[in-house]
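# Results of the structural survey
Spelled out, the chains give:
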There are 2 protein chains.
Amino acid sequence: PQTDWTGIDPADLLVMDLAPDAKGRPRRVVIQLLPAPFSQGWVGNVRKLAAAKFWDGTSVYRVQDNYVTQWGDPDGDDKVKAKPLPKGLVEVPERDYSSAVDAIWPASKGYVVDKTHDLPASYFTEMETKALWPKMKDSYSETVTFWNGWPLAGDYDRNSPVHCYGMVGVGRDMPPNTGTGAELYTVIGHAPRHLDRNIALIGRIIEGMEHMSSLPRGHGPLGFYDAAQGDERVPIVSVRLAEEVTDLPRYEYLSTESVSFAKYADARANRRDPFFLRTAGGADVCNIPVPVRRAK
Amino acid sequence: PQTDWTGIDPADLLVMDLAPDAKGRPRRVVIQLLPAPFSQGWVGNVRKLAAAKFWDGTSVYRVQDNYVTQWGDPDGDDKVKAKPLPKGLVEVPERDYSSAVDAIWPASKGYVVDKTHDLPASYFTEMETKALWPKMKDSYSETVTFWNGWPLAGDYDRNSPVHCYGMVGVGRDMPPNTGTGAELYTVIGHAPRHLDRNIALIGRIIEGMEHMSSLPRGHGPLGFYDAAQGDERVPIVSVRLAEEVTDLPRYEYLSTESVSFAKYADARANRRDPFFLRTAGGADVCNIPVPVRRAK
């Protein structure tokens, strides 16, 4: 039912227009930014960078197969050649790679862990659909769950968003550097979950993912485009907050707190259509992508 | 050490040449076929299809983002228009989607399951590296392990290869059809593990994966190329068994029975280089890809 879909606030959208493809077709990528309490320092920087039109004229400069597509200033690491950053960016502490459970789930609901499912009891109380939830065993963290449309992983103290396909993160140098947000990447392969809580995530691509995932792979180290192969960088025409874009549709996601989502997740874990002979009875968190669509 | 690398028998390689890309660069894809006891009915069919040059002049006709790239005869489902199949293909039973544990691990070694790691005790006895093995919790099966260079999943009775990135499988119709091997696909996104034991795997791409993963996505249902978008199908020039290809390099994989592999798997689960702040202490089976390289 339509009531199980939640509208995405246009204030949380970022619109990146790449140069048209070889056939002249437009390439627009729409990114949904993470809500509080997650990554708000970097998300704030990203908003400032977009407002300053920092990314206009930069490029997609790294495409590593089964890993990430990365964009921003290709000379960002070069103190002489780097494009100047706008004023007012903040340096975000490493601790903000994750958020305290109390800040994620309101204290009034508590966080009584369901030992079978590693999910807060409040989650089930609201849904009354406990039996529908699939098992999501995880090699990377004690708990995995969904919250306000996002996959989360962590422990009984802190949680972070999850490096699933299409999530967008912040490139950085060696610790304690945490990155400004000027260099971003998206996951184009099997979920690199080892990056969870080691790099900041700031959102996910909700439309136009194919424009990032189908780019030619780079042949330099780590998939950086190699000038010796000809200039394969993809020009970024503009990156804008949605409020500056006139023709953007509305988007909505299937509420992860709804019965519909629980049924959807269950269907991902227990494929009942006649194509399947066997059902796994489980699914990993990145194989249950939260449905996002254009609103009618 | 070189002794921990195992040569791949050229008799197990299939070479697919796509039409050159828009810049005239060659696109060669090398596929390693699964060894016995896995999928041998379909692997035999694939050998016959290659020997009959069945795929020459067919195409890559489906690219679904975060899922699969599929190739063969685009009219394969159409009884009138379908390209005739060579004689001698066998119909493989569904049971062969997996293999009995006794046939995978020699009976002399037994299959005494290590309850901590869900791996055969013989595995550890040989390696004497038990402490190095990472935890691989799995939402899809009771056991996950590596065997002769391949990821396996299943239970204490039967195991199958795993739908990780780059694995190659057999397109099929509704059960009890199991597919001939004429229509093949490879995984280009997050591992679709729900396909394990529901579809036959016949091997994996060991070189040229980018030529499959970076293709434009199809805009018809399920990522099939849509004629209305112009003909985006990628012509297949030829598919040959390696014995018919003169200029093919030798390949080798890091033996999954070696101490080096155990250390590699451990390093994937416990990232110790200074870039990382936290280590997960585990990894999922598809995030530990078996290293394959050209032999010197």
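So, a few notes on the structure that sits alongside this text. (Residues numbered from 1 in each chain as written. Chains lettered and ligands numbered in written order. Predicted model: local features only at pLDDT ≥ 70, side-chain atom pairs only at ≥ 80, totals over all residues. Heavy atoms only, no water.)

## Topic: the side chain of B:D4
- Here B:D4 lies in the segment before β1 (5–7).
- Once you skip the residues sitting within four places of it in the chain, B:D4 turns out to touch B:Y253, B:L254, B:S255, B:S258, B:V259 and B:S260. (Helix = DSSP H or I, 4+ residues; strand = E, 2+ residues; numbered from the N terminus. Contact = heavy atoms within 4.5 Å.)

## Observations concerning the sheet that holds strand β16 (residues 251–254) of chain B
All names here are of chain B.
- Spatial strand order, β1-β16-β17: three strands in an open sheet with antiparallel pairing. Sheet topology places β1 and β17 (292–294) at the edges, where each strand pairs with a single neighbour. Taken pair by pair, the neighbouring strands of this sheet meet at an average axis angle of 35 degrees, ignoring direction.
- As paired strands, β1 and β16 are joined by three bridges and run antiparallel to one another. Bridging across to β16, T6 finds its partner in Y253. (Pairing = 2+ DSSP bridges. Axes fitted to C-alpha atoms, helices over the stretch in contact; angles between N-to-C directions.)

## Things to note about empty space enclosed by the protein
- All chains considered together, the criterion is met by three cavities of 30 Å³ or more.
- By volume, the largest cavity amounts to about 120 Å³.
- Taken together, 14 residues form the lining of the largest cavity, with A:K137, A:D284, B:K137, B:Y140 and B:D284 sitting closest to its centre.
- The residue inventory of the lining of the largest cavity, partitioned by class, reads two nonpolar, four polar and eight charged. (1 Å grid on protein atoms, 1.4 Å probe; cavity = no way out; pocket = protein on both sides within 12 Å on 5 of 7 lines; lining within 4 Å. Points joined across faces, edges and corners; volume = space filled by probe spheres on them. Nonpolar A, V, L, I, M, F, W, Y, C, P; charged D, E, K, R; others polar.)

## Quick look at the interface of chain B and chain A
- On the side of chain A, 50 residues touch chain B, which itself brings 50 residues to the contact.
- Interface area, chain B with chain A, both sides summed: about 4,400 Å², of which 50% is carbon and sulfur.
- A per-residue breakdown of the area chain B buries against chain A is headed by B:S139, B:H190 and B:F275, which together make up 16% of the total.
- There are two salt bridges connecting chain B and chain A. (Buried area = accessible area lost by both parts, 1.4 Å probe. Salt bridge = Lys/Arg side-chain N within 4 Å of Asp/Glu carboxyl O.)

## Concerning the relation of the copies chain B and chain A
- Between the two copies, chain B and chain A, the superposition gives an RMSD of 0.0 Å; the rotation angle is 180 degrees and the shift along the axis is 0.0 Å. The superposition operator between the copies reduces to a two-fold rotation axis. (Least-squares fit on C-alpha atoms with pLDDT ≥ 70 in both.)

## Quick look at the packing of aromatic side chains
- Overall, the coordinates contain 14 aromatic pairs over all chains when judged by the stated rule.
- Arranged with centres 6.1 Å apart and planes meeting at 75 degrees, the rings of A:F54 and A:W55 form a pair that is edge-to-face.
- Classification of A:F54 as buried rests on a relative accessible area of 3%.
- When its relative accessible area of 1% is taken as the criterion, A:W55 is described as buried.
- Three or more aromatic residues joined by ring pairs make a cluster, and in this case those are A:F146, A:F261 and A:Y264.
- Over the ring of A:W5 we find A:R293; its NZ or CZ atom is 3.6 Å from the centre of that ring.
- The lysine or arginine in question, B:K83, covers the ring of B:F54, its NZ or CZ lying 5.3 Å from the ring centre. (Phe/Tyr/Trp six-rings, centres within 6.5 Å; stacked < 30°, edge-to-face > 60°. Buried < 20%, exposed > 50% of the residue type's maximum accessible area, 1.4 Å probe, protein only. Lys NZ or Arg CZ within 6 Å of the ring centre and 35° of its normal.)

## Describing the pairing of strand β4 (residues 59–63) of chain A
Residue and element names in this part refer to chain A.
- Of all five residues in β4, five are buried, a share of seventy percent or more.
- In this structure, β4 lies alongside strand β5 (residues 68–72), joined through four bridges in antiparallel fashion. Across the sheet, S59 pairs through a bridge with G72, a residue of β5.
- In textbook terms, the turn of a hairpin is the stretch between consecutive antiparallel strands, and for β4 and β5 this stretch comprises four residues, one of which, N66, has a positive phi near 60 degrees.
- Sheet analysis places β4 next to strand β15 (residues 234–241), joined by two bridges and oriented antiparallel. Bridge assignment links V60 to a residue of β15, and that residue is V234.

## Side note on the sheet that holds strand β2 (residues 13–18) of chain A
Residue and element names in this part refer to chain A.
- Strand order around the closed barrel formed by eight strands is β2-β3-β14-β12-β13-β5-β4-β15, with antiparallel pairing between neighbours. If you compare each strand with its neighbour and ignore which way they point, the axes differ by 35 degrees on average.
- Pairing of β5 with strand β13 (residues 184–187) involves four bridges; the strand directions are antiparallel. Note on β13: the bridge partner recorded for W71 is L184.

## So, the state of the cysteines
All names here are of chain A.
- According to the stated counting rule, one finds two disulfides over all chains in the structure shown.
- There is a disulfide in this structure between C164 and C286, and the S-S distance comes to 2.1 Å. On the S-S bond that ties C164 to C286, the torsion sits near -75 degrees, and the link is left-handed. Of this pair, C164 sits in the loop between β11 (158–161) and β12 (167–170) while C286 sits in the loop between α5 (259–269) and β17 (292–294), placing them 122 residues apart in sequence.
- When its relative accessible area of 6% is taken as the criterion, C286 is described as buried. (Disulfide = S-S within 2.5 Å.)

## With respect to helix α1 (residues 40–51) of chain B
Residues and elements named next belong to chain B.
- Counted at 1.5 Å a residue, the expected span for α1 with its 12 residues is 16 Å, and the 16 Å between its end C-alpha atoms agrees.
- Those residues of α1 that sit buried are G41, W42, V43, N45, V46, L49 and A50.
- Where α1 is buried, its residues touch β2 (13–18), β3 (27–33), β12 (167–170), β13 (184–187), β14 (201–207) and β15 (234–241).
- Looking one or two residues past α1, K53 carries a phi angle of roughly 55 degrees, positive in sign. (Expected span 1.5 Å × (residues − 1).)

## Points about the pairing of β15(A)
All names here are of chain A.
- By the criterion of burial, β15 is predominantly enclosed, with six of the eight residues buried.
- As paired strands, β2 and β15 are joined by five bridges and run antiparallel to one another. Residue pairing in the sheet places M16 in a bridge with V239 of β15.

## Topic: helix α5 (residues 259–269) of chain B
- Of the positions making up α5(B), those classed as buried are B:F261, B:A262, B:A265, B:D266 and B:A269. Within α5(B), the buried residues cover an arc of 140 degrees as seen down the axis, which keeps them to one side. (Arc of directions from axis to C-beta.)

## A look at the pattern of salt bridges
All names here are of chain A.
- Scanning all chains against the criterion turns up 28 salt bridges over all chains.
- R25 is the salt-bridge partner of D21, the closest N and O atoms lying 3.0 Å from each other.
- Note that R28 is salt-bridged to D247, the shortest N-O span being 3.3 Å. Of the two residues, R28 sits in strand β3 (residues 27–33) while D247 sits in the loop between β15 and β16 (251–254), which places them 219 residues apart along the sequence.
- Residue classification places R28 among the partly exposed positions, given a relative accessible area of 26%.

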